[in-house]
Structure formats: C-alpha cells, structure tokens
There are 2 protein chains.
Amino acid sequence: MDKVVRDVVMIGAGPSALAAAVYTTREDIDTVLYEKGVIGGLAAITDQIDNYPGFADGIAGLTLADQLQKQAERFGAHIDFGDVSSLRDNGDTKIVVVDDVEVEAKTVLIATGSDYNKLGVPGEVEYYGRGVHYCATCDGAFYREKRLVVVGGGNSAVQEAIFLTRFTTHIDLLVRSTIKASEVLQHELQKYVDDGKITVHLQTTTDEIVAVDKKVTEVKATKEGASVSFATDGVFIFVGLKPNTQFLEGSGVELDEYGLIKTDLHLATNIPGIFASGDVRSGATMQIASAVGEGASAALSIREYLDKQKLAV
Amino acid sequence: MDKVVRDVVMIGAGPSALAAAVYTTREDIDTVLYEKGVIGGLAAITDQIDNYPGFADGIAGLTLADQLQKQAERFGAHIDFGDVSSLRDNGDTKIVVVDDVEVEAKTVLIATGSDYNKLGVPGEVEYYGRGVHYCATCDGAFYREKRLVVVGGGNSAVQEAIFLTRFTTHIDLLVRSTIKASEVLQHELQKYVDDGKITVHLQTTTDEIVAVDKKVTEVKATKEGASVSFATDGVFIFVGLKPNTQFLEGSGVELDEYGLIKTDLHLATNIPGIFASGDVRSGATMQIASAVGEGASAALSIREYLDKQKLAV
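Residues numbered from 1 in each chain as written. Chains lettered and ligands numbered in written order. Predicted model: local features only at pLDDT ≥ 70, side-chain atom pairs only at ≥ 80, totals over all residues. Heavy atoms only, no water.

A. Examining the overall build of chain A more closely. Broken down by element type, chain A carries seven helices and 19 strands. Relative to the globule expectation of 20 Å for 313 residues, the C-alpha radius of gyration of chain A, 22 Å, shows essentially globular dimensions. Along the first, second and third principal axes, the C-alpha set of chain A runs to 70 × 35 × 30 Å. Of the contacts formed within chain A by residues at least 6 apart in sequence, a portion of 59% connects residues at least 24 apart. Accessible surface for chain A amounts to roughly 13200 Å². Of this, 50% is attributable to carbon and sulfur atoms. Charged side chains in chain A number 29 positive and 45 negative. The centres of these two groups are separated by 2 Å. (Helix = DSSP H or I, 4+ residues; strand = E, 2+ residues; numbered from the N terminus. Rg over C-alpha atoms; globule rule 2.2 N^0.38 Å. Contact = heavy atoms within 4.5 Å. Areas by Shrake-Rupley, 256 points an atom, 1.4 Å probe, with all protein chains shown as cover. Lys, Arg positive; Asp, Glu negative; His and termini not counted. Charge placed at Lys NZ, Arg CZ, Asp CG, Glu CD.)

Have a look at this one:
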C-alpha cells in the first residue's frame, strides 16, 4: 500500500479550520480536518451570533457552522471525526496520531480552540447560550437594561463584570472565596460598588441556575453555609479558559504561560510547517471573526510554505 | 459650541473598518467612519466572492458590502463621506483632518486599504471582476481549464502566474520590458515555460482588453513595434499595489518599505491610540476574511485602550 502524505492536516473543525480549508482546498491543496467534538466548534453551540460580520441581522450559530462546513466541503475538504492524541515533527513531514493511527502530512494547522471552564452546576449546560454565557463581548449586548449574575473572582471576572455594567441595570458578582483580581481592577470595581451598579458577594458558591419556561430567572447559591437566591435575567461565568493543547505534550510546539500556542505574525509556530489559528493561539480574542480571519491568513502561510518546499526539491 | 471628542474615528469604510465598527458600536463606543470612495471598499466592487467564510455558495461583493454596512449601522455606527488629508497625534487625543475640518478623537483606526495599480488601458475598468482581475488567490479558481493572460514582470506577477497554472490550460505572460523577478522565481518560471504552460512575451505593452457580449476574449498588445493579439478567457494584472497612506505623511505613524503600516500583534501602530487593520497593514493578505478578522481584533484593542485611559483619569 502506498503511503499517503497529506498536504495539510487540520486539527479541529471549528470556524478557524473551516475558513482555512475553504482557502486551501480552493487552491487544490489536499486537506483533511479531524474533529473530536462538534463541527463548527463553539459557534455551532451558540444560539444567536450578532457580531459575525456579513449578517446584518445576526445568524444562528448552527446555521453559520453549517454554511462554513458546506463551503469547505464544496471545494473538497475532507472532514473526519477523530481524536488527535499527539503530534510529532518529522522534519519535512509531521506525524499526527488520530485514534491511534499515524497520519503523515507536509503541514499541520492546529485550530483546536479553547473551552470555557464550567461550574458544573444544574442548568449550566441546559441554558448555555440562552441565559448562560461565557463571553461578555459576544453576548453582553443582549442584556441592555437587564439584571445579571456574574460568577468568578479573578481578573477576567472583575474586568468583564465592569464591562457588562455598560448594558445592565445591576450585577450580582458571586465570588467563591475572595477576589483575586489585580489591585487596579479591584480599585476600579469599588467605584461600581459605590455607585450601586455591582454588588459583590464573597464566600458564595453557585449551586444551580433556574429557569422558568426556558428563561433563566434565578441563581441559587450558598453563602457562608446559608442558602441564598438571586433574581436575574442571565448568568455570565468567568472561571477560566482551557486551551485544547494537551495533545501537544512532547511535540516541541511552544506554548505561553496559559497553555496557548505562540505564533508569529504569519501564524507560524516555532516548528517549521506547523501553524496555529483561532482560540488556541496566544493572544486570541475568542471571537469568530478573528478566528476565521486567522484561518484565512494561516492558509496563505501554509500555501507559501508548501510552495517553498516544492522549490527546494 | 461644545467641542466633541469622538471615542474612535475610523478612516475608511471597507470590510475591516465596518467589522471593527460592529464591535465598537455594539459596546456603545462612539464611532464615526470617514470614507472618500465606496462604502465596502474593494469588496463592494467585486462581482462574486467565493471565499468569504460563512456563505457556502459565495456572495455578490455588493451584497456583502451592504450587509456589513447595515450591521454596523444597526448598532449605531456613523458613516460619513469625507476625504482625510492628515492625522496628528495630540497625546491623549488625535486630530484627524476631514475635508479641512479638524475632528478630535481618543483613538483612530486606519483601515484605508490598498489599491491595485492599474494599466490604464481600455476595457480594464469596464470588465473589472468579470474578466479583469488583480488577485489570484481571490479569483484564480474561476479559471479552471481556461486560458489566461497575465500582465507584469515583477516578483508578484511571476509568482502569481506560476500559482495560476494550477487552474489554467495556458498562460501568456506579457512583460513590458524584461523580467524583474528574483532569480529563484525566474528559475522556477523556466520549468513552466519548458512544459508549455506559460509563454513569456518580453518587450510587450498591453494596449486594450477586448470583450464580446461582455465576456473578455482577447488582449491587444504591441510587441517590438508590431500589433499582436492574445485570445484569452481572462486577464490578471500584477503591476504593484498602492497603500492608501499618503495622508500619513508627517503623522509619525511608522510604515514599512512598501508604505504599509507597521503594527504589533494587537494591531497597534507605534503611536499609542492609533491602530491599523486590513489591507493597509504591513503583512496584509489582501483577503476580506483577514481584513474583517483584524477589524474585530482591532476593535477589542481599542476598547482595552479606552478602558485603560479611563482608569488612568
């Protein structure tokens, strides 16, 4: 049996990889994508997307994911389900291990994204995108003149709570232990507390997100041993981000302090022939538009790399 | 009269600025865009766009431009027609001169794009996007199994001619004087000449692009004093790129050797509070997807800058 060397293996099939695949396949670059979860990534499980440029009235996340998939497949992208467990640099080629099978490729695009850490409480999964959110930039504007609960006590929780005050009438900030945010942020937070825009609840553990007729109405919590309840229109949870980079252990691909992949301006990692784009990249904005744009740019870098390899033969 | 200081002035209203404006206005950041030409930029004057991610079957350039404009305006972007003649750093604010009126802003996004240099021959403007093209990555795939004329003799002309051979049956490369491309590229070009895929015509001046029933059929040229004609399905012109950065003279904004604006990973220029995104940026890909993604990322950088300024007060 002939050994097949793919032009490019893309790890993940979210918006960034699908956008990259539109570009590579349209130029007849042989492209396969491996996805272990949902095609379309976080976009696919987002109810309504208002800020992906090109859709004046917004678009359902599932519809956008479907369009991206169809567009990539239209030009010849192969999308397979499979779990990538490791990546190895082999010089001119790279070895990607998918469901224990070795796949060889001239280039690799890592676009596995990042996942938001979850609280793991009842209601959280059920109302994701419809009352439960992890991205203020994406969904904050849906809460003009509404009440919110924000969960978390780190830099991003405090920063995003402050950001959300531009929309909301009031925020209850639930902090499991004490506030861990920087002094500058804590100082800034105090102004919003003084203004009555944010109420901070320390030593408060979130227990359940309650909805009536599929509309979030209440957060149940435990504050210093006693049950408490917060009436709300929605919940934003900021308890950290987990980049999907575990499979890179031992690969030599350089990560930043948060486990995100370091790239240069052309989306190249430290290993020639391995590129990264989207939410898994250091400095990522967690925005679909950015992930898609980076996918397109990465595809051009991949083409250039392949052309140079061909010249060198 | 009170002096108004805008949160952000965006120079240009192409895809990159419109995408940025969706983000800034959705967060109630006061945003005005100044456009001297066409809202939607190069996208608006492109016939059909196949590779903007999210539209499985492609989208008309004018439709995409219209959607981007409506989306930005839906959240409150002000789009004005006006010619920006200069930009001045004033420390905490910036001064943008629009049609001889000074506009003051806390931040500026430069998204004026780049223009393709034109030959200035009959037929070039008339059949732009419908037989006459300036971007092989964008439009090359429309010419599978077709004949093409490519005009130019520099690095990009030779590189793109080679790239286009993956689609076409044959290319006539018209070079006004002699080939100026790098030796490596000339060496590579020779292989395609030997294979009969590309025929090079030196000392050949393009005179006219001829169409029958609005379909490009022929390029008329002059070769060493004699009239010659090339039957073709389309023409790709690569005679350079002109970044729209003339108004930056004396602004202190750092440009690269091609006159494109240097930015860091967060799309910031060397002057705090001044950002750049899209085709005017050094390293730009001339792709709508990249321009849009950078617009979104720049908007987040602008918000962060504005928030920090507020904290510093």
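B. Fine view of the packing of aromatic side chains. Residues and elements named next belong to chain A. With the rule as written, the count across this model stands at 16 aromatic pairs over all chains. Taking 5.7 Å as the distance between ring centres and 40° as the angle between the ring planes, the aromatic pair formed by Y128 and Y134 counts as tilted. Accessibility expressed as a relative area gives 21% for Y128, which makes it partly exposed. Judged by relative accessible area, Y134 falls into the buried class, the value being 5%. (Phe/Tyr/Trp six-rings, centres within 6.5 Å; stacked < 30°, edge-to-face > 60°. Buried < 20%, exposed > 50% of the residue type's maximum accessible area, 1.4 Å probe, protein only.)

C. Seen up close, the packing of helix α5 (residues 155–164) of chain B against helix α6 (residues 183–194) of chain B. Residue and element names in this part refer to chain B. Across the interface, α5 lies against α6 with an axial gap of 10 Å and an inter-helix angle of 35°. Relative to α6, α5 is oriented so that their crossing is left-handed. Each of N155, V158, Q159 and I162 in α5 lies in contact with α6, whose residues at this interface are L185, E188, L189 and Y192. Of the residues that constitute the contact of α5 with α6, the class distribution is five nonpolar, two polar and one charged. (Axes fitted to C-alpha atoms, helices over the stretch in contact; angles between N-to-C directions. Left-handed = near helix turned anticlockwise from the far one by under 90°. Nonpolar A, V, L, I, M, F, W, Y, C, P; charged D, E, K, R; others polar.)

D. Looking closely at the sheet that holds strand β12 (residues 170–174) of chain B. Residues and elements named next belong to chain B. Reading across the sheet, the five strands line up as β10-β17-β11-β12-β13 and stay open at both edges, with parallel pairing between neighbours. Edge strands, defined here as strands with exactly one partner in the open sheet, are β10 (132–133) and β13 (198–201). Across the sheet, α5 is in contact with β11 (147–151), β12, β13 and β17 (235–237); its angle to β11 comes to roughly 170°. On the sheet, α6 packs against β12 and β13 and is oriented at approximately 115° with respect to β13. (Pairing = 2+ DSSP bridges.)

E. Just helix α1 (residues 15–26) of chain A, in detail. Residues and elements named next belong to chain A. Along its 12 residues, α1 runs 16 Å from first to last C-alpha, staying within 8% of the 16 Å computed at 1.5 Å per residue. For α1, the complete set of buried residues consists of P15, S16, A17, L18, A19, A20, A21, V22, Y23, T24, T25 and R26. At the exit of α1 stands D28, carrying a positive phi of roughly 60°. (Expected span 1.5 Å × (residues − 1).)

F. Looking closely at the relation of the copies chain A and chain B. Overlaying chain A on chain B yields an RMSD of 0.0 Å, the required transformation being a rotation through 180° with an accompanying axial translation of 0.0 Å. The relationship between the two copies is best expressed as a two-fold rotation axis. When each C-alpha of chain A is compared by its distance to the rotation axis, G293 of chain A comes out closest, at 2.1 Å. (Least-squares fit on C-alpha atoms with pLDDT ≥ 70 in both.)

G. Region of the structure containing the sheet that holds strand β14 (residues 204–212) of chain A. All names here are of chain A. Strands sit in the order β14-β15-β16 across an open sheet of three strands; the sheet is antiparallel. At either margin of the open sheet sits one strand with a lone partner, and together these are β14 and β16 (226–231). Put simply, the sheet's adjacent strands are angled 25° from each other on average, direction ignored. Pairing of β14 with strand β15 (residues 215–223) involves eight bridges; the strand directions are antiparallel. Bridge pairing in β15 places T205 opposite T222.

H. View of the interface of chain A and chain B. Facing 51 residues of chain A, the contacting portion of chain B comprises 51 residues. Carbon and sulfur atoms make up 49% of the surface buried where chain A meets chain B, a total of about 4500 Å² over both sides. If you sort the residues of chain A by the area they bury against chain B, Y23, R26 and A56 of chain A come out on top, with a joint share of 16%. Taken together, chain A and chain B are joined by six salt bridges. One salt bridge in this structure joins R74 of chain B and D50 of chain A, with 3.0 Å as the shortest N-O distance. Our count for the contact surface shared by chain A and chain B stands at 34 residue pairs in polar contact (both at pLDDT 80 or more). Sorting the residues of the side of chain A that touches chain B by element identifies α1, α3 (61–74), α4 (136–139), α5 (155–164), α6 (183–194) and α7 (288–312) of chain A as the ones contributing at least two each. The dominant element in the side of chain A that touches chain B, judged by the number of residues it contributes, is α7 of chain A, at 11 residues. (Buried area = accessible area lost by both parts, 1.4 Å probe. Salt bridge = Lys/Arg side-chain N within 4 Å of Asp/Glu carboxyl O. Polar contact = N/O pair within 3.5 Å; in protein donor to acceptor, adjacent residues only side chain to side chain.)

I. Molecular detail of the domain arrangement of chain A. Residues and elements named next belong to chain A. Considered domain by domain, chain A is made up of domain 1 (5–115 + 241–312) and domain 2 (118–237). Listed as interface residues are nine residues of domain 1 and, on the opposing side, seven residues of domain 2. With both chains or domains summed, domain 1 and domain 2 bury close to 650 Å², and 51% of this area falls on carbon and sulfur atoms. Looking only at domain 1, the three residues that lose the most surface to domain 2 are I45, D47 and Q287, adding up to 49% of its buried area. (Domains from an automatic or database assignment.)

J. Fine view of the nonpolar core. Ranked by size, the top nonpolar core spans 78 residues in total, and within it L33 and Y52 of chain A together with L33 and Y52 of chain B carry the most contacts. Elements represented by at least two residues in this core include exactly β1 (5–11), α1, α3 and α7 of chain A together with β1 (5–11), α1 (15–26), α3 (61–74) and α7 (288–312) of chain B. Y52 of chain B has contacts with Y52, P53 and Q71 of chain A together with L64, I288, A289 and V292 of chain B, leaving out every residue within four places of it along the chain. (Core = buried A, V, L, I, M, F, W, Y, C linked by side-chain atoms within 4.5 Å.)

K. Examining the pairing of strand β6 (residues 84–90) of chain A more closely. All names here are of chain A. Summarising the sheet, β6 and strand β7 (residues 93–98) pair through six bridges and their orientation is antiparallel. Within the sheet, the bridge partner assigned to L87 lies in β7 and is V96. Between β6 and the antiparallel strand that follows it, β7, lie two residues; G91 among them carries a positive phi value of about 80°.

L. Molecular detail of α6 of chain B. All names here are of chain B. Its 12 residues give α6 an end-to-end C-alpha distance of 17 Å, which sits within 8% of 16 Å, the value for a rise of 1.5 Å per residue. Residues of α6 that are buried: L185, E188, L189 and Y192. Across the axial projection of α6, the buried residues extend over an arc of 105°, all falling on one side. Seen from the open side of α6, the exposed residues pointing more than 90 degrees away from its buried face are E183, H187 and D194. Backbone geometry just after α6 places G196 at a positive phi near 75°. (Arc of directions from axis to C-beta.)

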